[in-house]
Amino acid sequence: MKYGILIVSHSANIAKGVKDLIAQAAPNLSITIAGGTEDGGIGSSLEKIQQAVDDNKGDEILAFYDLGSSKMNLEMLLEMIDRTIHKYDVALVEGAYTAATLAEVDSPLTTIEDNLKSLKIK
Amino acid sequence: MKYGILIVSHSANIAKGVKDLIAQAAPNLSITIAGGTEDGGIGSSLEKIQQAVDDNKGDEILAFYDLGSSKMNLEMLLEMIDRTIHKYDVALVEGAYTAATLAEVDSPLTTIEDNLKSLKIK
Amino acid sequence: MKLELVDAKKWITLFVEKLESNQTILNELDTAIGDGDHGTNMKRGAEAVTAALEKKEPETLADLYKTTAFAMIQKVGGASGPLYGTAFLDMSKAVKNDDLELSDLIQIGTDGLKRRGESDTGMKTMIDVWQPVSDALKADKFDQSVIDAALENVKGLVATKGRASYLEEKSKGHIDPGAQSSAYLFESLIEVLGE
Amino acid sequence: MKLELVDAKKWITLFVEKLESNQTILNELDTAIGDGDHGTNMKRGAEAVTAALEKKEPETLADLYKTTAFAMIQKVGGASGPLYGTAFLDMSKAVKNDDLELSDLIQIGTDGLKRRGESDTGMKTMIDVWQPVSDALKADKFDQSVIDAALENVKGLVATKGRASYLEEKSKGHIDPGAQSSAYLFESLIEVLGE
Ligand SMILES: Nc1ncnc2c1ncn2[C@@H]1O[C@H](COP(=O)(O)OP(=O)(O)O)[C@@H](O)[C@H]1O
Ligand SMILES: Nc1ncnc2c1ncn2[C@@H]1O[C@H](COP(=O)(O)OP(=O)(O)O)[C@@H](O)[C@H]1O
Ligand SMILES: [Mg+2]
Ligand SMILES: [Mg+2]
Ligand SMILES: [Mg+2]
Ligand SMILES: [Mg+2]
């Protein structure tokens with residue numbers, strides 16, 4: 001698939017839930033997640049994000065996050081690796097759902113990004 | 001507490017995760033959740049929402065939802081009961097976090113709602 | 001025209017049967033432009049309706065529609081739950097008026113859908129079947145061709161409500177799953193009326 | 001002024017000790033205007049730094065700062081992880097230049113915080129300690145009073161970045177937890193410089 005989805009959240013449950021939700025509408029996408037700290041607490045882990053990026057099968061990755069450190073860790077990783085990752089400052093659940101639905105039917109990136117615009121809140 | 005938080009999501013994991021996330025920043029709030037269908041699938045359940053409303057200890061409830069049927073079931077319930085529930089058409093995770101943080105320090109509803117305005121995406 | 005209790009029961013029973021036997025089709029339609037569960041959702045609702053009607057035989061039309069509404073609301077789990085639920089609940093309240101025409105009943109259900117869904121015709125939803133049926137009943141021209149035409153029309157629409165709306169232009173060319181399940185509802189009605 | 005490797009090691013070691021013994025204070029500060037975990041986060045980071053330094057004795061300043069950075073990045077789990085991590089990583093790269101003054105080193109760390117946090121002074125964050133310290137070092141006027149004044153100033157600010165920013169006006173009157181942990185960092189530096 002052209003696009004994969006990456007979910008970075010402070011909570012392992014949120015990350016898992018978002019994946020469940022969007023996988024139902026977009027069963028063919030590669031959706032990988034990084035939720036919570038290494039030891040399962042609320043927070044974020046660069047290592048988990050790195051792993052989720054490694055596991056993602058999309059040619060390019062559309063990335064969504066919730067708050068502060070999820071974003072900063074994601075950006076830190078972007079500086080370290082050279083896969084094409086598009087990071088969106090949009091509502092996590094709603095943005096990921098929108099992107100996944102469109103990516104599932106092979107919409108071009110411009111269409112996906114047009115639809116994400118109104119969800120920009122960060 | 002004056003305000004309680006209600007989370008309605010298609011996914012039990014999202015609902016649980018949002019609670020974990022916001023409870024960390026707002027440990028004194030009553031936060032109740034309704035996630036997924038009765039049998040644990042992706043979807044929503046009026047009964048779960050009803051239960052979460054019943055369990056909520058806030059004098060008034062600030063309610064957040066993700067997509068379509070979460071909203072419709074919530075609105076259906078609002079027509080059936082007479083507790084004061086404010087429903088916000090904002091980003092689920094980010095909106096709930098914002099409201100919880102402010103409610104935790106006894107901010108007035110006007111302040112909370114002012115801060116939710118920029119998160120309106122539905 | 002009005003529906004007697006015995007016919008209304010047949011109507012609901014036929015609807016429930018069609019939902020149970022067409023689960024796969026409804027899921028497939030929903031897979032194309034939604035999340036693939038409309039058949040599963042409606043089957044769950046159908047079973048709940050059957051169970052509720054078996055548990056307590058409704059004694060009035062209001063009872064029948066209310067029982068149907070509550071079963072749908074409680075068990076469907078998708079957007080179609082509160083939608084069909086609201087339609088039947090509103091119909092159950094309205095039908096207490098003995099003078100209510102069938103066409104008015106269906107219009108009241110349609111209005112319930114519009115209120116619950118904050119939607120209207122042309123948005124590629126079940127409303128695009130309910131409203132034409134209601135119109136046809138008012139004009140005394142209700143038959144299978146009305147349903148066929150409604151589904152054909154729905155197919156060409158771009159969705160602006162519900163999950164399919166995320167797909168925008170790409171939602172075109174597909175029958176909306178909720179429109180199809182509503183088609184089963186009104187095909188059941190035709191069978192009852194035709195007898 | 002420059003810091004030799006042996007002094008820089010002392011610096012980091014003292015910092016780590018202060019983080020471990022002040023976990024509760026940092027958590028309490030974060031409870032007031034954040035999520036209450038800054039002490040726990042920094043303690044986890046501190047332990048990781050200690051473990052990493054014990055595992056492999058750094059042979060250069062660049063090594064030392066890089067090891068510190070990676071331990072923080074990997075283990076802190078909160079926003080302070082990528083923040084301190086970026087500051088020390090940038091410092092580790094810059095310190096390869098032998099001519100680098102201590103004041104420049106700290107400014108480079110401060111710039112790293114600003115880049116990672118998309119933030120600046122006056123936003124009630126750790127930057128409001130780093131920047132005044134960097135300025136004082138440049139002016140050769142760095143002592144405890146600089147840190148005290150910075151914390152006093154931070155207290156009066158309204159947060160516009162980080163979790164405390166959600167509280168707006170209500171964030172006033174509290175010391176920012178990250179500013180406090182950075183105060184420990186620079187109090188450790190004073191101890192080293194004072195020897
Ligand atoms: N806002 C709305 N107004 C009217 N009908 C809607 C609306 N949202 C969804 N629908 C109808 O519901 C159907 C989907 O039902 P279902 O698949 O059971 O729910 P979900 O979308 O929650 O999975 C759609 O095909 C459409 O006919
Ligand atoms: N955007 C930012 N720029 C600079 N510093 C920030 C930023 N966001 C947070 N901080 C700093 O991080 C500290 C919080 O760290 P910590 O509690 O460990 O992380 P979290 O907020 O993820 O729980 C704050 O007190 C503040 O000093
Ligand atoms: Mg569906
Ligand atoms: Mg569904
Ligand atoms: Mg914190
Ligand atoms: Mg935290």
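Residues numbered from 1 in each chain as written. Chains lettered and ligands numbered in written order. Predicted model: local features only at pLDDT ≥ 70, side-chain atom pairs only at ≥ 80, totals over all residues. Heavy atoms only, no water.

### Comments concerning the overall build of chain C
Item 1. Along the backbone of chain C there are 9 helices and 0 strands.
Item 2. In chain C, the order of α-helices and β-strands from amino to carboxyl end is α-α-α-α-α-α-α-α-α.
Item 3. Rg of the C-alpha trace for chain C: 15 Å, near the compact-globule value of 16 Å for 195 residues, within the 12% margin.
Item 4. Expressed along its principal axes, the backbone C-alpha trace of chain C runs to roughly 45 × 35 × 30 Å.
Item 5. A total of 195 residues make up chain C; the buried ones form 57% of that total.
Item 6. For chain C, contacts bridging at least 24 residues in sequence account for 68% of all contacts bridging at least 6.
Item 7. When the accessible area of chain C is evaluated, it comes to approximately 7,900 Å², of which 50% is carbon and sulfur surface. (Helix = DSSP H or I, 4+ residues; strand = E, 2+ residues; numbered from the N terminus. Rg over C-alpha atoms; globule rule 2.2 N^0.38 Å. Buried < 20%, exposed > 50% of the residue type's maximum accessible area, 1.4 Å probe, protein only. Contact = heavy atoms within 4.5 Å. Areas by Shrake-Rupley, 256 points an atom, 1.4 Å probe, with all protein chains shown as cover.)

### A look at the coordination of the magnesium ion (ligand 4)
All names here are of chain C.
Item 1. Within the first shell, the magnesium ion (ligand 4) binds the protein through Asp35 (OD) and Asp37 (OD), at distances of 2.0 to 2.1 Å.
Item 2. Between the magnesium ion (ligand 4) and the magnesium ion (ligand 3), a separation of 3.5 Å is found, and both are coordinated by Asp35.
Item 3. We classify Asp35 as buried; its relative accessible area is 7%.
Item 4. Taking relative accessible area as the criterion, Asp37 reaches 12% and is therefore assigned buried. (Donors = N, O, S within 2.8 Å, 3.2 Å for Na, K, Ca; no water.)

### Quick word on the sheet that holds strand E4 (residues 85-88) of chain B
Residues and elements named next belong to chain B.
Item 1. One open sheet holds the 4 strands; their spatial order is E2-E1-E3-E4, and the pairing between them is parallel. Single-partner strands in this sheet number two, and they are strand E2 (31-35) and E4. Each neighbouring strand pair of the sheet contributes to a mean axis angle of 20 degrees, computed without reference to strand direction.
Item 2. Relative to E2, strand E1 (residues 3-9) runs parallel, the two being bridged by 5 bridges. By the bridge assignment for E2, Leu6 is matched with Thr32.
Item 3. Along the sheet, helix H3 (residues 68-80) makes contact with E1, strand E3 (60-65) and E4, crossing E4 at roughly 160 degrees. (Pairing = 2+ DSSP bridges. Axes fitted to C-alpha atoms, helices over the stretch in contact; angles between N-to-C directions.)

### Re the coordination of the magnesium ion (ligand 5)
Residue and element names in this part refer to chain D.
Item 1. Every protein donor of the magnesium ion (ligand 5) is listed here as Asp30 (OD), Asp35 (OD) and Asp37 (OD), and their distances to the metal cover 2.0 to 2.2 Å.
Item 2. All donors of the magnesium ion (ligand 5) belong to a single chain; written as a sequence motif, their spacing is D-x4-D-x1-D.
Item 3. The two metals, the magnesium ion (ligand 5) and the magnesium ion (ligand 6), are separated by 3.5 Å and share Asp35 as a common coordinating residue. Assigned by exposure class, Asp35 and Asp37 land together as buried.

### Quick notes on the pairing of strand E2 (residues 31-35) of chain A
Item 1. Counting buried positions along E2(A) yields 4 of 5 residues, so the element is predominantly enclosed.
Item 2. Tracing the backbone out of strand E1 (residues 3-9) of chain A, into helix H1 (residues 12-25) of chain A and back to the parallel element E2(A) gives a crossover that is right-handed. (Right-handed = clockwise from strand over helix to strand, strands pointing away.)

### Digging into the relation of the copies chain B and chain A
Copies of the same chain, two in number, are related to each other by a rotation about an axis and a translation along it.
Item 1. With an RMSD of 0.0 Å, chain B superimposes on chain A once it is rotated by 180 degrees and translated 0.0 Å along the axis. These values place the two chain copies in the arrangement generated by a two-fold rotation axis. Judged by C-alpha distance, Ile14(B) is the residue of chain B that lies nearest the rotation axis, at 2.1 Å.
Item 2. A high fraction, 100%, of the interface residues of chain B reappear at the interface in chain A, so the copies pair face to face through one surface. (Least-squares fit on C-alpha atoms with pLDDT ≥ 70 in both.)

### Some remarks on the interface of chain D and chain B
Item 1. Each partner contributes residues to the interface: chain D has 8 residues there, and chain B has 11 residues.
Item 2. Of all residues in chain D, Tyr166(D), Leu167(D) and Lys170(D) bury the most surface against chain B, accounting for 54% of the area lost on that side.
Item 3. Our count for the contact surface shared by chain D and chain B stands at 0 salt bridges.
Item 4. In this structure, the connection of chain D to chain B is made through 4 residue pairs in polar contact (both at pLDDT 80 or more).
Item 5. Of the residues that constitute the side of chain D that touches chain B, the class distribution is 2 nonpolar, 1 polar and 5 charged. (Buried area = accessible area lost by both parts, 1.4 Å probe. Salt bridge = Lys/Arg side-chain N within 4 Å of Asp/Glu carboxyl O. Polar contact = N/O pair within 3.5 Å; in protein donor to acceptor, adjacent residues only side chain to side chain. Nonpolar A, V, L, I, M, F, W, Y, C, P; charged D, E, K, R; others polar.)

### Notes on the site of ligand 1
Item 1. Neighbouring ligand 1 are 21 residues, the closest being Asn41(C), Ala79(C), Ser80(C), Ser119(C) and Asp176(C).
Item 2. More than one chain reaches ligand 1: its neighbouring residues belong to chains B and C.
Item 3. Between ligand 1 and Asp35(C), the relevant distance is 2.9 Å, taken from an oxygen atom to a side-chain nitrogen or oxygen of the residue.
Item 4. At 2.9 Å from an oxygen atom of ligand 1 is found a main-chain nitrogen or oxygen belonging to Gly178(C).
Item 5. For ligand 1, the protein covers 95% of the area, taking 570 Å² as the surface of the free molecule.
Item 6. Partitioning the shell around ligand 1 into residue classes produces 6 nonpolar, 9 polar and 6 charged. (Near = heavy atom within 4 Å.)

### As for the sheet that holds strand E4 (residues 85-88) of chain A
Residues and elements named next belong to chain A.
Item 1. Here 4 strands make up an open sheet; going across it, the order is E2-E1-E3-E4 and the pairing parallel. Each edge of the open sheet carries a strand with a single partner, namely E2 and E4. With strand direction ignored, the average angle separating the axes of adjacent strands in the sheet is 20 degrees.
Item 2. Docked against the sheet, helix H2 (residues 46-55) engages E1, E2, strand E3 (60-65) and E4, running at close to 175 degrees with respect to E2.

### Some details on the interface of chain B and chain A
Item 1. Contacts between the two partners involve 24 residues from chain B and, on the opposite side, 24 residues from chain A.
Item 2. Each partner contributes to the roughly 1,800 Å² buried at the junction of chain B and chain A, and carbon and sulfur atoms together form 74% of this total.
Item 3. The largest contributions to the chain B side of the interface with chain A come from Asn13(B), Glu94(B) and Ile121(B), which together make up 30% of the buried area.
Item 4. Applying the counting rule to chain B against chain A returns 2 salt bridges.
Item 5. The shortest N-O distance in the salt bridge between Glu94(B) and Lys122(A) comes to 2.9 Å.
Item 6. In this structure, the connection of chain B to chain A is made through 6 residue pairs in polar contact (both at pLDDT 80 or more).
Item 7. The set of elements that each furnish at least two residues to the side of chain B that touches chain A consists of helix H1 (12-25) and helix H4 (92-104) of chain B.
Item 8. Looking at the side of chain B that touches chain A residue by residue, the classes come out as 13 nonpolar, 6 polar and 5 charged.

### With respect to the UniProt feature "domain: DhaL" (unreviewed entry) in chain C
Item 1. Under the present numbering, the feature "domain: DhaL" (unreviewed entry) in UniProt falls on residues 6-191 of chain C.
Item 2. Counted over residues 6-191 of chain C, helix gives 70% and strand 0%. Its end C-alpha atoms are 13 Å apart. (UniProt positions renumbered as here; feature names shortened; annotations may be inferred.)

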